[in-house]
Amino acid sequence: MTLTVSVNNAIYSPPTPYIFSWAVKDPSGSSRSTTSNVVSVTPAWAFSVVYPTNFSGASLNLPGVYSINVSETIPTSTPNVVTGAFTVGVTDSGTYERTYPVQFQAGGYLPADTVNITVTRSGNPVPAFSASRTSDTNGLITVSWQTLPNTSTGNYAVTVVGKNTPPKSVPDTEQFVIYPTNITVTGFNPVKTSLERSETEGFRFNATYFGGPSVTLGSSTIRLSEPGGSTTHFTTASYNSTLGTFSAVFIIPINGGTGTWTASLDPNSLADPYGNGGPLQSKSLTFNVLPAILTVSLLPSSTVLSVGETLTIQGSVATPNGAIFSQGTVLASITISGRSVGSPVSLTYDPTREQWIGNYKVAPSDPSGAWLVTVSASDSYGNVGQSSVVVSVNVPSAQSSTSMLWSYLLIVLLVAALGFIILITRKRGLTRREVKLDLTAIKSQADKVKSDDFLQSVREQLKRKKQEVGLEKQDHD
Amino acid sequence: MTRSIAVHSYKGGTGKTTLTANIAVALALKGRRVGIMDMDLEGPGLHVFFDVDPSQVRFTMNDVLAGVAAPEAATIRLSEKLGFNHGEIYYCPASTRVSEIMRTLKTGYEVDMFENAVKRLQERFGLHYLLIDTHPGIQHDTLLALGVCDHQMLVSRIDQQDIFGTGVMIEVSTTFEKPVHLVLNLIPPRVREAEVSKFARTLSSHFAVDMAGWVPFSEEIIGSLSRSILTLKTPKDPITARFRALAERVETFA
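Since this is a predicted model, take the numbers as computed values, not measurements.

*Asks:* What's the story with the overall build of chain B in this structure? I'm lost.
*Replies:* Per the secondary structure count, chain B includes 12 helices and 8 strands. Looking at chain B as a whole, 59% of its 254 residues qualify as buried. Relative to all contacts within chain B whose residues are 6 or more apart in sequence, the contacts with residues 24 or more apart total 77%. Summed over all atoms, the accessible surface of chain B reaches about 9800 Å², with 51% contributed by carbon and sulfur.

Take a look at the structure:
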């Protein structure tokens, strides 16, 4: 411990000798002294001593406050020109956060003595910490207690006692406090940097306590702001043991704003079950949301039509996540060689068949040939999609269909039908494909749990209780 | 006769607490006297749904299990607060104080203590149903709750891990010889009703359990941040209808 005094307005011309006396009183009341000799050659200077090195018989073995008193003896006798104090403790800090190491150090013990370090909380010993150390050749012991994320918070006391060392005039005991710790969040990233409305965005981040242990329990609320910031959503992140990170998902609403979204982990939005929280400062990320491109899958009900017959235009419309699009506008326009046929047909949604359906009656004035039916789906939020199909129409005045046209038509329809079947199969098989039941593994895992002693104990207790109730009933009867 | 139902899930985040709160309210709205006990001692959450300020709670289930308070002393009657004309909700909160949570987890509790609390609540308040919201996973306190209750309602998402764990839970639950009812929750919007129905039948058949029902994912519930009960807030919402259907199903539990 270096003690320094700064002097101003000193006499320095001619060079003048100064002598100061130091007195340091330890927590037991014992005082140790030394002197400093300085020749003043400038108006301002400083001088120092080292405690306990420069003080005969001094030590730092007692915990508590050490008071310092400096007096000037030469050139003038001025007592108490400066005073001060420093404190010696058993711990390296009076307060700690969980997961931080608590360092204990004490001196003044007999060399190679057995020294017990006891930590108590509310008067009860802390089972997680119990230490006995042999003091070194200088009578010093140093111990570290690594606190955990779930170490109880509150006031603690540490007491250090040597087995053979005579009791100290001031015992080595000290209070300290443990508070919940802060959780650090790193690697807060989106799974997709750009996605369409209705698609699912994922978020991942790592959470660690001080010193590096991962946080694997608890949850965090992620705040999502749409472009402009006026609309906010929330989703919850929890620890995913498979990924080894915290993760969350959020389905972008079909009417969500397009542009840059911001996801934020607000301060203390992450909490573990023990009351630790984080992050200290907000963490944010951005991702881009685009309008949904609707998938239009058409299935013409009739392949070849004549005048007076009805062309039924039907198909399903789906959002990017595969959900049925049932609210919006779906229009079909018919063209042949770039020329419009009739007016656009408005399709209506049939919830039973989960299809959009519209009809067009072939008129005598309509041209024969391969009609290109283009169906466009849209909603008021700007999500759009389009698909086309070719149908052959045979009007009497122009009955010149060729075998090539038939072949072409057949191929187009087969491709359309095949595509539609694949789409339906894919959607309907979703759950079966994603979730598999491994009954053997389930049974094996369950057997392990069933053989657990505690489970057996609960079973036995319940069984015994049931029997007792039965006996009581019999007695009563 | 009171029926006690442990509402449980293998994983967290299955909407177990949301279901518990909404089914309890749906039953109470039918005029039933419903007890609702927060046994998720590590992460209690029911107080948020019922807007109960933890600092205003005198005793909790932690005190009951530690033997320092009678069960009725740790019970809050919510019927007036929720605006019920008939039907009752009696709520037993768990402590949200970390020190008390740690104390309970550290010391544990006995089968007798919990069983007596269940019985006493049933008798004291003449309950038709006692719903017990448990801590997810397979832990000691969970096994106690499952063993003591008359029925077990397991909540699962359609998720590989969740279904696997739910399967394990069902197998373990059979140890107690209590009826097990399965609820599929948070069904993704893209999965069709018919598909869920088929999957539910498969699960029910494989595990030989009662499929009590399923509830689709709801933006409204997620958006409410667990601060409101949909069954009360929006009675005409389709999800509310699902909760009511589950309550009807609970009424058929023998």
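From this point, things continue past the structure.
*Asks:* I tried to follow the overall build of chain A on my own but got confused; where do I start?
*Replies:* Tallying secondary structure elements over chain A gives 4 helices and 31 strands in all. Counting all 477 residues of chain A, 39% fall into the buried class. Across chain A, contacts joining residues at least 24 apart in sequence account for 63% of those joining residues at least 6 apart. For chain A, the exposed surface amounts to about 24700 Å²; the carbon and sulfur share of it is 53%.

*Asks:* Explanation requested: the sheet that holds strand E4 (residues 88-92) of chain B in the structure shown.
*Replies:* Each strand in a sheet pairs with another by means of backbone hydrogen bonds, the pair being arranged parallel or else antiparallel. Residue and element names in this part refer to chain B. Spatial ordering of the open sheet is given by E3-E4-E2-E5-E1-E6-E7-E8, a layout of 8 strands whose pairing is mixed. The outermost strands of the open sheet, each flanked by one partner alone, are strand E3 (76-77) and strand E8 (210-216). Relative to strand E1 (residues 3-8), helix H7 (residues 140-148) is tilted by about 150°, and along the sheet it contacts E1, strand E2 (33-39), strand E5 (129-134) and strand E6 (151-156). Strand contacts of helix H9 (residues 193-207): strand E7 (180-187) and E8, with the helix running at about 150° to E8, the strand carrying the most contacts.

*Asks:* What is the right way to look at the interface of chain A and chain B in this model?
*Replies:* Note: interface size is frequently given as the accessible area lost on complex formation between the parts. Taken together, the contact between chain A and chain B spans 39 residues of the former and 42 residues of the latter. Counting the surface lost from both chain A and chain B, the interface buries some 3800 Å², and carbon and sulfur atoms represent 65% of this. Linking chain A to chain B there are 1 salt bridge. Listing elements by their share of the side of chain A that touches chain B, those giving two or more residues are helix H1 (403-428), helix H2 (430-434), helix H3 (439-450) and helix H4 (453-476) of chain A. Of the residues that constitute the side of chain A that touches chain B, the class distribution is 19 nonpolar, 8 polar and 12 charged.

*Asks:* Teacher, can you tell me more about the sheet that holds strand E3 (residues 31-40) of chain A here?
*Replies:* Residue and element names in this part refer to chain A. Taken in spatial order, the 4 strands make up an open sheet running E3-E2-E5-E6, and their pairing is antiparallel. Because the sheet does not close on itself, it has two edges, and the strands there are E3 and strand E6 (78-88). Each neighbouring strand pair of the sheet contributes to a mean axis angle of 20°, computed without reference to strand direction. Bridge count between strand E2 (residues 16-25) and E3: 10 bridges; the pairing is antiparallel. Each bridged residue has a counterpart across the sheet, and for lysine 25 the counterpart in E3 is serine 31.

*Asks:* I keep staring at the nonpolar core and nothing clicks. Help me out?
*Replies:* Considering soluble globular proteins, one finds that nonpolar side chains tend to be buried as a cluster. All names here are of chain B. Counting residues in hydrophobic clusters, the biggest one holds 53 residues, and the most contacted among them are Met37, Met39, Met61, Phe114, Ile132, Leu184 and Leu203. By residue number, the principal contributor to this core is helix H6 (residues 111-125), which donates 6 residues. Look past the residues within four positions of isoleucine 132 in its chain and what remains in contact with it is Ile5, Ala6, Val7, Met37, Met39, Phe114, Val118 and Cys149. Counting 38 residues, the second-largest nonpolar core is a separate cluster that includes Phe49, Ile89, Phe243 and Phe253.

*Asks:* Please explain the pattern of salt bridges as it appears in this structure.
*Replies:* It is possible for side chains of opposite charge to pair when their charged atoms get near one another. Summed over the entire model, instances satisfying the criterion amount to 14 salt bridges over all chains. The partner of A:Asp172 in a salt bridge is A:Lys168, and the shortest N-O contact between them spans 2.5 Å. By relative accessible area, which is 3% here, A:Asp172 ends up buried. Exposure remark for A:Lys168: the relative accessible area of 18% places this residue in the buried category. Across the pair B:Asp162 and B:Arg157 runs a salt bridge whose closest N-O atoms are separated by 3.3 Å. When salt bridges that share partners are traced, they join B:Lys30, B:Arg32, B:Glu248 and B:Glu251 into one network.

*Asks:* Would you take a moment to explain the pairing of strand E13 (residues 172-179) of chain A for this structure?
*Replies:* All names here are of chain A. Taken together, the 3 bridges between strand E7 (residues 95-97) and E13 define a ladder with parallel strand orientation. Each residue of the ladder has a partner; that of tyrosine 96, found in E13, is isoleucine 178. Across 7 bridges, the pairing between strand E12 (residues 154-162) and E13 is antiparallel. Its bridge partner being in E13, asparagine 155 is matched across the sheet by valine 177.

*Asks:* For this particular structure, what's the right way to read the packing of H3(A) against helix H8 (residues 160-173) of chain B?
*Replies:* Any two packed helices are characterised by how steeply their axes cross, that is the angle between the axes, and by the distance between the axes. At a closest axis distance of 8 Å, the pairing of H3(A) and H8(B) adopts a crossing angle of 50°. Here H3(A) is positioned oblique relative to H8(B), judged by the angle of their axes. Along this stretch, H3(A) crosses H8(B), giving a crossing that reads as right-handed. Mapping the contact onto sequence places A:Ala441, A:Ile442, A:Lys443, A:Gln445, A:Ala446, A:Val449 and A:Lys450 in H3(A) and B:Phe164, B:Gly167, B:Val168, B:Glu171 and B:Val172 in H8(B).

*Asks:* What is the right way to look at unusual backbone geometry in this model?
*Replies:* Glycine aside, negative phi is the norm for most residues, and most peptide bonds take the trans geometry. For the bond running from A:Tyr51 to A:Pro52, omega is 5°, close enough to zero to count as cis. Backbone torsion omega between A:Ile74 and A:Pro75 reads 5°, so that peptide bond is classified as cis. As for its position among the elements, A:Pro75 is in the loop between strand E5 (64-74) and E6. Phi is positive for B:Asp51, which is not a glycine, with a value near 55°. Structurally, B:Asp51 can be placed in the loop between helix H2 (46-49) and helix H3 (61-66).

*Asks:* It is not clear to me how the packing of aromatic side chains should be interpreted in this structure. Could you clarify?
*Replies:* How two aromatic rings sit relative to each other is given by the distance of their centres and the angle of their planes. Counted according to the given criterion, the structure contains 27 aromatic pairs over all chains. In textbook terms, an aromatic cluster arises when at least three aromatic residues are bridged by ring pairs, as seen for A:Phe188, A:Phe203, A:Phe205, A:Tyr239, A:Phe246, A:Phe250, A:Trp261 and A:Phe287.

Parameters at a glance
- Residues numbered from 1 in each chain as written.
- Chains lettered and ligands numbered in written order.
- Predicted model: local features only at pLDDT ≥ 70, side-chain atom pairs only at ≥ 80, totals over all residues.
- Heavy atoms only, no water.
- Helix = DSSP H or I, 4+ residues; strand = E, 2+ residues; numbered from the N terminus.
- Buried < 20%, exposed > 50% of the residue type's maximum accessible area, 1.4 Å probe, protein only.
- Contact = heavy atoms within 4.5 Å.
- Areas by Shrake-Rupley, 256 points an atom, 1.4 Å probe, with all protein chains shown as cover.
- Pairing = 2+ DSSP bridges.
- Axes fitted to C-alpha atoms, helices over the stretch in contact; angles between N-to-C directions.
- Buried area = accessible area lost by both parts, 1.4 Å probe.
- Salt bridge = Lys/Arg side-chain N within 4 Å of Asp/Glu carboxyl O.
- Nonpolar A, V, L, I, M, F, W, Y, C, P; charged D, E, K, R; others polar.
- Core = buried A, V, L, I, M, F, W, Y, C linked by side-chain atoms within 4.5 Å.
- Parallel < 35°, antiparallel > 145°, perpendicular 65-115°, else oblique.
- Left-handed = near helix turned anticlockwise from the far one by under 90°.
- Phe/Tyr/Trp six-rings, centres within 6.5 Å; stacked < 30°, edge-to-face > 60°.

Without other data, these values stay purely geometric and don't point to any function.
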